Amino acid sequence: MKRSDFLSAARQCITVDRAATHGGAEDSFGAIAKMWSAYLGVDVSKADVCMMMVLLKAVRFKNTPAHADHTVDICGYAAIAGELGLEGSDG
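Presented here is a report on the structure given in the accompanying data block.

Some remarks on the pattern of salt bridges
Reasoning step 1: Scanning the model with the defined rule gives two salt bridges in all.
Reasoning step 2: In this structure, aspartate 69 and lysine 57 form a salt bridge, with 2.9 Å as the shortest nitrogen-oxygen distance. Of the two residues, aspartate 69 is situated in helix α4 (residues 68-87) and lysine 57 in helix α3 (residues 46-63); the sequence distance between them amounts to twelve residues.
Reasoning step 3: A relative accessible area of 28% means that aspartate 69 is categorised as partly exposed.
Reasoning step 4: Taking relative accessible area as the criterion, lysine 57 reaches 5% and is therefore assigned buried.
Reasoning step 5: Taken together, the shared-partner salt bridges connect Lys57, Asp69 and Asp73 into one network.

Structural data, given as structure tokens:
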């Protein structure tokens, strides 16, 4: 895959595929942030959830770099984190 293919795949995932399967990212990351905040005893934002998922995918990439899903997901999570940060919705 070329870099534009990874970005196109990530765009498809975060705007169509995953939203249809899992619901809106903001709602999902909001629910995850609440659960992680309660579990960890610290405030976790939706943007934090995105970046933690980037880190999870980075570890998976280290173990299986040829698996394109990891890199596609990193692009998607980073894009959502960027949007959340620009909106100032939670951090």
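From this point on, the discussion continues.
Some thoughts on helix α1 (residues 3-22)
Reasoning step 1: Approximately 50° is the largest bend angle found in α1, and it occurs at cysteine 13.
Reasoning step 2: Within α1, the full set of buried residues consists of Phe6, Ala10 and Cys13.
Reasoning step 3: Among the residues trailing α1, glycine 23 stands out with phi positive, at a value near 85°.

Points about the packing of aromatic side chains
Reasoning step 1: One pass over the full model with this rule turns up one aromatic pair.
Reasoning step 2: Taking the centre distance of 6.0 Å and the plane angle of 55° together, the rings of phenylalanine 29 and tyrosine 77 count as tilted. A residue pair is termed long-range when its members are at least 10 positions apart, and phenylalanine 29 in helix α2 (residues 25-40) and tyrosine 77 in helix α4 qualify at 48 residues. One exposure class covers both phenylalanine 29 and tyrosine 77, and it is buried.

About the criteria used
Throughout, a residue's number is its position along its own chain's written sequence, starting from 1. Reporting of local features is limited, given that this is a predicted model, to residues whose pLDDT is at least 70; pairs of side-chain atoms are given and counted only at 80 or more, and all residues count toward the totals for whole chains, interfaces and linings. Hydrogen atoms and water are omitted, and side-chain values are computed over all heavy atoms in the structure. Put simply, a salt bridge is a Lys or Arg side-chain nitrogen that is within 4 Å of an Asp or Glu carboxyl oxygen. Each helix corresponds to a stretch of at least 4 residues labelled H or I by DSSP, and each strand to a stretch of at least 2 residues labelled E; elements are numbered beginning at the N terminus. Residue exposure (1.4 Å probe, protein chains only): buried if accessible area is under 20% of the type maximum, exposed if over 50%, otherwise partly exposed. Values of bend correspond, residue by residue, to the angle between axes fitted over the seven residues ending at that residue and the seven starting there. A pair of aromatic rings is counted whenever rings of Phe, Tyr or Trp (Trp by its six-membered ring) have centres within 6.5 Å, and the orientation is called stacked for planes under 30 degrees apart, edge-to-face for over 60 and tilted otherwise.

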